[in-house]
Amino acid sequence: MNFSLPHIPERTTQPRNNGVTMMMDKGLSLTEAENFIQASGHLTDIVKFGFGTAYVTNNLEEKIKLYRSAGLRPYFGGTLFEAFHARGRFEDYLRLLDKYDLDLAEISDGSIILNHDEKLELIQRMAKTRTVLSEVGSKDSGILISPGRWIKMMSSELEAGSWKVIAEGREAGNVGVFRPNGTAHTMLINKIIAKVKPEDILWEAPQKNQQVWFVKLFGANVNLGNIAPNEIIPLECLRLGLRGDTFFDFLPADYALRLKQVDSDDPDDEEEA
Ligand SMILES: O=C(O)[C@H](CS(=O)(=O)O)OP(=O)(O)O
């Protein structure tokens, strides 16, 4: 940090196990990735090459090396795993991860139907050599999963060896743990966190209001993902109470109350009212 300020919530330090920020790279150029690292690399933990972008992106190998040399852990989006699996090419997918020397891998079934026992076996197998992120939730807003099923899937995937389970939200933040209008499925999330430790979950939360909602619920060190490159610094400000939306959440209670009282005691307010 550039200077000192009291009453700023303590952030976990890198390499992080909790308080993780995942940036979604949808095709940054090498230069853009360099610029990103310069501006926001110190606030980012893992980088997802969104959906199938790794297949078509230029200079993929260099970009992976670039992120890695900056201390970030890059990985391929779950959709790419699903594209290989759907074509019966899981072994090729493993070879691909070896080729690019990726130590982080996602296993998801947001687009495909994957028998859950098979998914658990794939997680178990992958976890022998890599850190696994597995995702729960469908990309199809028409497929509803009961809270009990979310909990069962998340718990068993963690038991099978996933480092974290990702709660589906998509790039738009309008499915999975969110309603089509982007608001959180509060009851579902409350049921999930009653059984699954929040630090074991990485919430896809691309929209600002969703990030605010999670920071207010879990504090500065909530794991958040699908963050756009230019939203990493604003997110860190939300985490630290340095943006209006979470400004009062991290101030000492008496101080925050005093500030609010001063505001409500303002006679001008009454005149206007
Ligand atoms: O990156 C992916 O493969 C997708 C993209 S999106 O989040 O559905 O827009 O995400 P994932 O949730 O990792 O499968």
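Here goes a summary of the coordinates provided. (Residues numbered from 1 in each chain as written. Predicted model: local features only at pLDDT ≥ 70, side-chain atom pairs only at ≥ 80, totals over all residues. Heavy atoms only, no water.)

Y67, F76, M126, M154, W203 and L224 are the most contacted members of the largest nonpolar core, which has 61 residues in total. With 6 residues, the top contributor of residues to this core is helix α7 (residues 147-160). In contact with M126, not counting residues within four places along its chain, are F90, Y93, L94, L97, A105, I107 and V132. In this structure, V20, L104, L133 and W163 belong to the second largest nonpolar core, which totals 9 residues. (Core = buried A, V, L, I, M, F, W, Y, C linked by side-chain atoms within 4.5 Å. Buried < 20%, exposed > 50% of the residue type's maximum accessible area, 1.4 Å probe, protein only. Helix = DSSP H or I, 4+ residues; strand = E, 2+ residues; numbered from the N terminus. Contact = heavy atoms within 4.5 Å.)

On to the sheet that holds strand β4 (residues 104-107), then. One open sheet holds the 8 strands; their spatial order is β3-β2-β1-β8-β7-β6-β5-β4, and the pairing between them is parallel. Both edges of this open sheet fall to β3 (73-76) and β4, since each of them pairs with a single strand only. Averaged over all adjacent pairs, the angle separating strand axes in this sheet is 25°, with direction ignored. (Pairing = 2+ DSSP bridges. Axes fitted to C-alpha atoms, helices over the stretch in contact; angles between N-to-C directions.)

Residues in contact with the ligand amount to 16 residues; listed here are only the nearest, F51, T79, E106, E135 and E204. K48 is positioned with one of its side-chain polar atoms (N or O) 3.0 Å from an oxygen atom of the ligand. Take G78: an N or O atom from its main chain is 3.1 Å from an oxygen atom of the ligand. In the complex, 100% of the free accessible area of the ligand, which totals 350 Å², lies under the protein chains. Taken together, the residues of the shell around the ligand break down into 2 nonpolar, 6 polar and 8 charged. (Near = heavy atom within 4 Å. Polar contact = N/O pair within 3.5 Å; in protein donor to acceptor, adjacent residues only side chain to side chain. Areas by Shrake-Rupley, 256 points an atom, 1.4 Å probe, with all protein chains shown as cover. Nonpolar A, V, L, I, M, F, W, Y, C, P; charged D, E, K, R; others polar.)

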